[in-house]
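Observations on the three-dimensional arrangement
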Amino acid sequence: MDGDWRADLDAWLEPFMAGFGHKAQRTMCPAYIAGLIGPGDRKSIQPIAARTGEVPYDRLHHFVSAGVWDSAPLEAALWDHADRLVGGPRSWLIVDDTALPKKGTHSVGVAPQYASSLGKNANCQTMVSLTLAAHEVPVMVGLRLFLPDSWIADPPRMTRARIPEEYQTARSKPEIAIAEIDRLRAAGIRFGCVLADAGYGLSASFRQALSARGLYWAVGIPRHQKVYPHDVQLIFPESTRGRPRIRHVPDQPSVKAEVVLETATWRRMSWRRGTKTGLAARFAAMRIRIADGPPQRIGRLGAQHMPGEEAWLVGERRSTGERKYYLSNLPADTPLKDLARAIKARWVCEQAHQQLKEELGLDHFEGRSWIGLHRHALLGMMAYAFLQSCRLQAAGRKKNHHGSAASAQSASDPSVHS
């Protein structure tokens, strides 16, 4: 970034400053965000205060961890900016989670738990993330802490960490994600399709909640997810003895996703340009009915889930031999290439997580409270949105410069028109 970035940041933050009622807060917010963006390996409060010299450590610490101010106006300004930057009917809303490794046991939500970004169990905090993205440009719009059972079972511990009462009940990560999606929709955020990995896609209630809201979605699933043929019918089974059957049953059994796609036609296709060549894999897709309806006993098979929503079952065979499976409720006439693009668009949220940690210190917060962690995360998302704005503006200037040069050459060189 050039030397004028701080002035650009102050100007960019003007819509956010209306959310602060105190003049000192309108000074500390830009100072904190500038500290997150600026140089330095550690982006916790003490190093930020020492580097910037704008605000003393105790005042900056109070601002983030205990100051009286409402985050809602800042969230609204962030969402409005994100929507103008990348929102629209062709945008993606990507649901994921990210782990913040921690030592000790006192930081809010910290516990030994599975960290998907690390691929193993670790002592960490886990935050459910929502990213709005278009044209491979992500803007983070939501980070909400997940509380493990060990915290939910310990009310005094939650009180010490200043967790608001409305968050002191057990909520799964998919439930947190749905609540955050509802908040974004209520604020008018525009997107065309929700994307999520198998950690969320395996949840029938998550998929059904998205469909109930009239949203399109494309999610990962485990290979053993059961599905029915799309033409499955519900029939009354013949009763050879005893009472007549009073409940319908499927006329075909459900089958594992990996088995269904063994007989499908696989096509190699590229979904985007990589650094050296196009990224490609082999894909197949079939229309199916998801086996996620109410459970019912079906003869010798025992309790089975009834056929649910009709959807796409998509398979991916990577060059490494790895196979992945997905479900999507995109329309029945969606081309396979568009299904593949939707599935693979999720990668940009991982880029956003990495940049928030490596560039902006998302995992550097050293406070222990709920409010402090979420304020640090919000200010980090604001910093990231500012950087994305700068990058897009720079890319636009570069594109316009090349376009102007090409136009000038075209006007001065008759051979271009020949």
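Please refer to the structure placed before this passage.
Residues numbered from 1 in each chain as written. Predicted model: local features only at pLDDT ≥ 70, side-chain atom pairs only at ≥ 80, totals over all residues. Heavy atoms only, no water.

Check the secondary structure of the protein and you find 15 helices and 16 strands. Residue burial in the protein is summarised as follows: out of 418 residues, 50% are buried. If you take every contact in the protein between residues at least 6 apart in sequence, the share linking residues at least 24 apart comes to 65%. (Helix = DSSP H or I, 4+ residues; strand = E, 2+ residues; numbered from the N terminus. Buried < 20%, exposed > 50% of the residue type's maximum accessible area, 1.4 Å probe, protein only. Contact = heavy atoms within 4.5 Å.)

Take the packing of aromatic side chains next. A complete count under the given rule lists 7 aromatic pairs for this structure. Their ring planes at 15 degrees and their centres at 5.1 Å tell us that Phe63 and Trp69 sit as a pair that is stacked. For Phe63, a relative accessible area of 1% corresponds to the buried category. Here a set of aromatic residues connected by ring pairs shows up, and it is made of Trp12, Phe16 and Phe386. In this arrangement the basic side chain of Lys173 is found over the ring face of Phe146, its NZ or CZ atom lying 5.3 Å from the centre. Over the ring of Trp312 we find Arg287, and its NZ or CZ is 5.1 Å from the ring centre. (Phe/Tyr/Trp six-rings, centres within 6.5 Å; stacked < 30°, edge-to-face > 60°. Lys NZ or Arg CZ within 6 Å of the ring centre and 35° of its normal.)

This brings us to the packing of helix H3 (residues 23-37) against helix H4 (residues 45-52). One way to put it is that H3 packs onto H4 with a least axis distance of 9 Å and a crossing angle of 95 degrees. Comparing the axis directions of H3 and H4 gives the class roughly perpendicular. Residue-level inspection shows Ala31, Tyr32, Gly35 and Leu36 of H3 in contact with H4, the latter providing Ile45, Ile48, Arg51 and Thr52. Counted by class, the contact of H3 with H4 contains 5 nonpolar, 2 polar and 1 charged residues. (Axes fitted to C-alpha atoms, helices over the stretch in contact; angles between N-to-C directions. Parallel < 35°, antiparallel > 145°, perpendicular 65-115°, else oblique. Nonpolar A, V, L, I, M, F, W, Y, C, P; charged D, E, K, R; others polar.)

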